[in-house]
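As a plain string of letters, each chain reads:
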Amino acid sequence: MTTHKLFLLPGDGIGPDVMTQVEKIAAWFGEAGLAHFEIEKGLVGGCAFEAHGKAISEGDMRLAQAADAVLLGAVGGARWDGVPYDVRPEAGLLRLRKDMGLFANLRPAICYPALAEASSLKREVVEGLDIMIVRELTGGVYFGEPKQIIDLGNGQKRGIDTQVYDTFEIERIGRVAFDLARKRGGRVTSSEKRNVMKSGVLWHEVMTALHAREFSDLKLDHQLADALGMQLVRWPKQFDVIVTDNLFGDMLSDVASMLTGSLGMLPSASLGEADPVSGQRHALYEPVHGSAPDIAGQGIANPIAMIASFAMALRYSFGMATEADLVERAIASVLQDGLRTADIQGSATTTISTAAMGQAVKEKLTQLAAG
Ligand code: IPM
Ligand code: MG
C-alpha cells in the first residue's frame, strides 16, 4: 500500500472542526487497504500567531514544502483584527501560496442534484451546474509592489496596491485552463477588465495568442469581469472553464459558491508547476469558505467543502481519480439521503452535526466500495 505524506493545517475558527472529518476519511482509506496517509499537523493563521508571533512558523513552512500535499482548513477571525499587517492570519496562507509557487487555483462549482433547492437561484438555473474557475494565485494585486500606505504630509495618506502580470504568468495559468477544458467541455472563458486596466489588455492579448498557438481545437471567448459576474448569476451553465486573475478569481469564486447552495460546499486545489522528470508538484487543498468564527467549535459547520478538497488531493496529487470519484459519490449520496448540516437544509431533510456528516460520508464510502 502506498504511503502519502499529508500535512494538515486546520487553522482557525471552523477549520479544526472540518479538518477532523477529513482525518476520518483519510483513516478510512487505510482501513480499506486503499492507501496509507501519514499525517503531520501544524499551525497557520491566528493560532500560529498566538503560538509563534507569526502567521506560520519556519518549521511548518518546511513541513509544508516537504509534504506530498497540504490540507488547510481556514484562517482568520475578528480576534486578530488588531495584529500587525505582516503577521495577520491571512499572511500565513499567502506565504504558503507564494513560497510553494502555487500559481494555479482550481475552484470547481458543482451543484449536487439534491441541493438545487438550497441555492438562492431558481432550480433550473443551477441544477446540473458543473463549472471550473481557474484563478491565478501568486500574482496580480495580491503580491504586486509597491504595496503600501504613504503619508503625504498634508494630513492625507495614500494607499497603493499594484496590479502586475508578466507574459509567462498569464501563459502558464492559461495552459492549466486549456488543459482542463480539453478533458471537460472544451470551452474556456477568459476574464479581465481590459477596458480600464493595462494588465487586462496584456491578459487578453496573451490568452488570445496562446489559444491560437497551442489550443486552437478548443473554444476561447473573453468576458469583462463585471459582465462575467452578472452572467454567473444569470445563466451559469453557459460556462465550462473560466480563467481569470487573482482578485477577480477571488470574487467570482465566492459568487459561484452560492450557485451550489452554500459556501460550505466548494473545495479548491492550489497547484504548483509539475516537475518535468517526476511529474510531482507542490499542492495545497482548502475549502473556499472562511473560518466562520461565529459558529466555530459548535459542531454545526459543513465539512463537505473540506472533504471534497481531500477528494481533489486524491485526484490531483495522488493519481487516485477512481477514489476521488468515490468520495464525491459518497457526498452526493449522503445529500440524496436528506442528511444536511444547518447551512444547506431543505424541505424534508434531517439536520445533522459536523461530526455526523463526516461519519455519514465515511459509512457511505464503505457501502459504495462494497459494491
Ligand atoms: C480565498 C480567501 C483568501 C484570498 C483570503 C483569506 C486571504 O478569500 O482563498 O478566497 O483572498 O485569497
Ligand atoms: Mg476568497
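What you see is a predicted model, and the numbers here were worked out from it, not measured in a lab.

Parameters and conventions
- Residues numbered from 1 in each chain as written.
- Chains lettered and ligands numbered in written order.
- Predicted model: local features only at pLDDT ≥ 70, side-chain atom pairs only at ≥ 80, totals over all residues.
- Heavy atoms only, no water.
- Domains from an automatic or database assignment.
- Buried area = accessible area lost by both parts, 1.4 Å probe.
- Salt bridge = Lys/Arg side-chain N within 4 Å of Asp/Glu carboxyl O.
- Polar contact = N/O pair within 3.5 Å; in protein donor to acceptor, adjacent residues only side chain to side chain.
- Helix = DSSP H or I, 4+ residues; strand = E, 2+ residues; numbered from the N terminus.
- Contact = heavy atoms within 4.5 Å.
- Near = heavy atom within 4 Å.
- Areas by Shrake-Rupley, 256 points an atom, 1.4 Å probe, with all protein chains shown as cover.
- Nonpolar A, V, L, I, M, F, W, Y, C, P; charged D, E, K, R; others polar.

1. Focus: the domain arrangement of the protein
Then step 1. What the domain assignment lists for the protein is domain 1 (1-103 + 272-371) and domain 2 (112-261).
Then step 2. When each unit is reduced to the centre of its C-alpha atoms, the spacing between domain 1 and domain 2 is 24 Å.
Then step 3. Overall, the association of domain 1 and domain 2 removes approximately 1,700 Å² of surface from exposure, summing both partners, and the carbon and sulfur fraction of that is 65%.
Then step 4. When the buried surface of domain 1 facing domain 2 is broken down by residue, Arg97, Lys98 and Phe103 rank first, second and third, together holding 37% of it.
Then step 5. At the surface where domain 1 touches domain 2, the tally comes to 1 salt bridge.
Then step 6. Glutamate 273 serves as the salt-bridge partner of arginine 172, at 3.9 Å between the closest nitrogen and oxygen.
Then step 7. Here domain 1 is connected to domain 2 by 4 residue pairs in polar contact (both at pLDDT 80 or more).
Then step 8. The dominant element in the side of domain 1 that touches domain 2, judged by the number of residues it contributes, is helix 11 (residues 321-336), at 5 residues.

2. Overview of the side chain of serine 257
Then step 1. Inspection of the secondary structure assignment puts serine 257 in helix 9 (residues 246-259).
Then step 2. Apart from the residues within four sequence positions on either side, serine 257 is in contact with Ser262, Leu263 and Leu266.

3. Points about the site of ligand 1
Then step 1. Surrounding ligand 1, one finds Glu90, Leu93, Arg97, Arg107, Arg135, Tyr142 and Asp250.
Then step 2. Within the side chain of arginine 107, an N or O atom sits 2.8 Å from an oxygen atom of ligand 1.
Then step 3. Bound to the protein, ligand 1 loses 77% of the 320 Å² it would expose on its own.
Then step 4. Per-element tally for the shell around ligand 1: the top contributor is helix 4 (residues 89-99), with 3 residues.
Then step 5. For the shell around ligand 1, the class distribution of residues is 2 nonpolar, no polar and 5 charged.
Then step 6. Mapping the shell around ligand 1 onto the domain boundaries places at least three of its residues in each of domain 1 (1-103 + 272-371) and domain 2 (112-261).

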